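So the chains spell out like this:
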Number of protein chains: 2
Amino acid sequence: MTNSWLVGADIGGTTIKLAFITLEGEIVTKWEIPTNTEESGILIPNEIAKAIQEKLKKLNETNEKLMAIGVGAPGFIEMDAGFIYESVNIGWKDFALKDQLEKVTGLPVTIDNDANVAALGEMWKGAGDGASDLLCVTLGTGVGGGIISNGQIVHGINGMAGEIGHITAVAENGAPCNCGKTGCIETIASATGIKRIAETGLLYHPESRLQATLIKEGSISSKDVFEAAEAGDEYAQQVVEKVSFHLGLVIANLTSSLNPKKIVIGGGVSKAGETLLLPLKEQFRRFAIGRIATSTEFEVATLGNDAGVIGAAWIAKISAPSNFTQHTV
Amino acid sequence: MTNSWLVGADIGGTTIKLAFITLEGEIVTKWEIPTNTEESGILIPNEIAKAIQEKLKKLNETNEKLMAIGVGAPGFIEMDAGFIYESVNIGWKDFALKDQLEKVTGLPVTIDNDANVAALGEMWKGAGDGASDLLCVTLGTGVGGGIISNGQIVHGINGMAGEIGHITAVAENGAPCNCGKTGCIETIASATGIKRIAETGLLYHPESRLQATLIKEGSISSKDVFEAAEAGDEYAQQVVEKVSFHLGLVIANLTSSLNPKKIVIGGGVSKAGETLLLPLKEQFRRFAIGRIATSTEFEVATLGNDAGVIGAAWIAKISAPSNFTQHTV
């Protein structure tokens, strides 16, 4: 069994990322299929099964080579049963994904939330580097999170744990958030939030080079803000400083309760690298407990789009019967 | 072995609480000995061993009746090794408590932080009622916490997890905290913090009945504040409102990352009961994610001073070799 493969599946609203992955976490092959959201997504299990069979054939392998499937899926999920209460982007509602996928593939299936699975991928083979206490913060269109404690994902009682994007950063008069609340850190530190802050304040900063971007492009992206900040634009630097203040405070407060070994920052915004990390770490240290401020490491996520399939393979591996495999990180 | 006893020990700066406890978590007998802080606390293991022997003799039992010892201790602790880096109140510094106590008692010893152990006690036999995802908040002289996720204490990488008293509630111009930072929730929601807020603002509220208390007693306690609030004193109600706002926000933000089944509020301040819980729950619901706001239960801790010894017995039970016992909550 030692040269068996795991299947990692990372289901998104547009594509499903698939990979065959060794027990050591190395990707043998990876590919994508479009997400078929017709008929509320009920065709997806069949299409995954078909894609797996075609790929096996191409590699001159059979089903025997595969051990288990791990899946990262978006939405509200009952993890143990692999049951999707609701996944808006896919169209699933009360969908027994685990059962369906096991039926058509004949393999054991384990399912978790996509953000959690990406965090596990970083833990196993990425920036987390085997740390069993990890906080992953994804700064993309929204702000997501995955918390690993004692080597396990923190799910909470409804699978809602790790929803760090909806931590309230501005208690009063904060910007409205998609979740219905106001002042969530997602309204500040997501790509959308950074864009909003930069565009709102630009009126009072005619000297900023972002004026030219606004005129040329019709809008400002978070990437524009970081590039201008790096080039010395004072207004852009103020925006980055404001974002870092709020995000640094939120992360420091999370570490007071979780004391992780590492903070892994991922998502599109993390591509800003040191332009974000330097002010962020400064604000973090200001608000974190002394002992934690000095011991916590910051890293930018390293697996990019592969984090999902690798983390999915990890949950397949640790859920498999123990005679299959050793559960070492 | 089914009628064996566990020993629970809760070591504080003034007394050591001890108990013999059944595998089902019932207290057979409990008693206290003074904490001997002479010679930097090195005599404590011997005195615990002696106290156990005397109690066994009194009950006509022998050492055979005892299965294992669990200990809750204050300070910075390496849990696996049972090694105390530092415990200011006791005087220990680099003290191998587990090794010492095993040597003099001949029993396996498991050690954890006192706040964590109290949280486990509430989980097992108290307000937590078996919930495997629990957030315990202790409002006493300081603010402490214990986080249980997947039935396990969240320790973090240095054992600093659960230090929720040092979550920053006021980012700028907050009151100084013992930890060296400013604006920690401990400076607001502890008995000391409530007293400070009430005394500071009283100058501007000559109409408050707390004026009479101040004149009579020379100071105001958090108990005075809650009593005045309950009796309809508007200023005292404003103080409770302010405390509830900050604490409710901190707890709501914790639930966005942890999604616990229950919040258990303990410590002296929790004796205020509904006078605190009602405004606290209102602020919590304002800042919590909708799904979490409706699913999270608030409870006042029910075990009082017994939480420590019961939780200590729990860690002894779950650390014992698996042929001894079943690990059911």
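Draft legend 1. Region of interest: the overall build of chain A. Counting secondary structure elements, chain A contains 11 helices and 13 strands. Expected size for 329 residues packed as a compact globule is a radius of gyration near 20 Å; at 21 Å, chain A falls within 12% of this value. In terms of its C-alpha atoms, chain A occupies a principal-axis envelope of roughly 65 × 45 × 35 Å. For chain A, with 329 residues in total, the buried portion stands at 53%.

Draft legend 2. Examining the domain arrangement of chain A more closely. Residue and element names in this part refer to chain A. Parsing chain A into structural domains produces domain 1 (5-121 + 305-319) and domain 2 (131-301). Computed over C-alpha atoms, the centres of domain 1 and domain 2 are 29 Å apart. The interface is formed by 12 residues belonging to domain 1 together with 12 residues belonging to domain 2. Of all the secondary structure elements, the ones that give two or more residues to the side of domain 1 that touches domain 2 are β5 (76-78), β8 (109-113) and α3 (114-125). No other element matches the five residues that α3 contributes to the side of domain 1 that touches domain 2. Across the side of domain 1 that touches domain 2, the residue classes tally to eight nonpolar, two polar and two charged.

Draft legend 3. Inspection of the relation of the copies chain B and chain A at higher detail. Expressed as a screw operation, the relation of chain B to chain A combines 0.0 Å of axial shift with a rotation of 180°, fitting to an RMSD of 0.1 Å. Read as a symmetry element, the transformation amounts to a two-fold axis. Looking at chain B, 100% of its interface residues are interface residues in chain A too, so the copies touch through the same face.

Draft legend 4. Quick peek at helix α7 (residues 222-230) of chain A. Residue and element names in this part refer to chain A. Within α7, the full set of buried residues consists of Ser222, Asp224, Val225, Phe226, Ala228 and Ala229. Buried residues along α7 sit in contact with α5 (191-202), α6 (210-217), α8 (234-258) and α9 (274-287). Gly232, located one to two residues past α7, shows a positive phi value of around 100°.

Draft legend 5. Highlighting the sheet that holds strand β1 (residues 5-11) of chain A. Residues and elements named next belong to chain A. Overall, mixed pairing links the five strands, which are arranged β3-β2-β1-β4-β8 in an open sheet. Edge positions in the open sheet fall to β3 (27-34) and β8, since each of these has one partner strand only. Across the sheet, the axes of successive neighbouring strands diverge by a mean angle of 20°, strand direction being ignored. In this sheet, β8 lies alongside strand β4 (residues 66-73) in parallel orientation, the contact comprising five bridges. The residue of β8 that forms the bridge with Gly72 is Asp112. Across the sheet, helix α2 (residues 97-105) touches β4 and β8, and the angle it forms with β8 is around 145°.

Draft legend 6. Up close: the sheet that holds strand β7 (residues 92-95) of chain A. Residue and element names in this part refer to chain A. In space, the three strands of this open sheet follow the order β5-β6-β7, with antiparallel pairing throughout. What marks the edges here is a single partner per strand, and that holds for β5 and β7. Taking the axes of each pair of neighbouring strands and ignoring which way they run, one obtains an average angle of 15° across the sheet.

Draft legend 7. Just the interface of chain B and chain A, in detail. Each side of the interface is counted separately: chain B has 37 residues, and chain A has 37 residues. Going through the elements one at a time, β10 (143-149), α8 (234-258) and α10 (290-295) of chain B are the ones with two or more residues in the side of chain B that touches chain A. When residues in the side of chain B that touches chain A are grouped by element, the largest group, seven residues, is from α8 of chain B. Each residue belonging to the side of chain B that touches chain A can be placed in one class, and the counts come to 17 nonpolar, 16 polar and four charged.

Draft legend 8. Representation of unusual backbone geometry. Even without being glycine, Asp129 of chain A reaches a positive phi, approximately 55°. Relative to the elements of secondary structure, Asp129 of chain A occurs in the loop between α3 and β9 (134-139).

Draft legend 9. Layout of the pairing of β4 of chain A. Residue and element names in this part refer to chain A. In terms of residue burial, β4 counts as a mostly covered element, since seven of its eight residues are buried. The sheet contact formed by β1 and β4 spans six bridges and is parallel. Counterpart to Asp10 in the pairing with β4 is Gly72.

Draft legend 10. Just the environment of Thr302 of chain A, in detail. Residues and elements named next belong to chain A. Tracing the backbone shows Thr302 in the loop between β13 (297-300) and α11 (307-319). According to the C-beta neighbour criterion, Thr302 is partly exposed, with 16 such atoms within 10 Å. C-alpha of Thr302 to C-alpha of Leu139: the two residues are 163 residues apart in sequence and 14 Å apart in space. With residues up to four places along the chain from it excluded, the contact list for Thr302 reads Gly126 and Ala127.

Draft legend 11. Fine view of helix α11 (residues 307-319) of chain B. Residues and elements named next belong to chain B. Between its terminal C-alpha atoms α11 stretches 18 Å, which fits the 18 Å expected from 13 residues at 1.5 Å a residue. Along α11, 11 of the 13 residues are buried, which leaves the element largely enclosed by surrounding structure. If you check which residues of α11 are buried, you get Ala307, Gly308, Val309, Ile310, Gly311, Ala312, Ala313, Trp314, Ile315, Ala316 and Lys317.

Calculation criteria
Residues numbered from 1 in each chain as written. Chains lettered and ligands numbered in written order. Predicted model: local features only at pLDDT ≥ 70, side-chain atom pairs only at ≥ 80, totals over all residues. Helix = DSSP H or I, 4+ residues; strand = E, 2+ residues; numbered from the N terminus. Rg over C-alpha atoms; globule rule 2.2 N^0.38 Å. Buried ≥ 20, exposed ≤ 12 C-beta atoms within 10 Å, placed from the backbone. Domains from an automatic or database assignment. Contact = placed C-beta atoms within 7 Å. Nonpolar A, V, L, I, M, F, W, Y, C, P; charged D, E, K, R; others polar. Least-squares fit on C-alpha atoms with pLDDT ≥ 70 in both. Pairing = 2+ DSSP bridges. Axes fitted to C-alpha atoms, helices over the stretch in contact; angles between N-to-C directions. Expected span 1.5 Å × (residues − 1).

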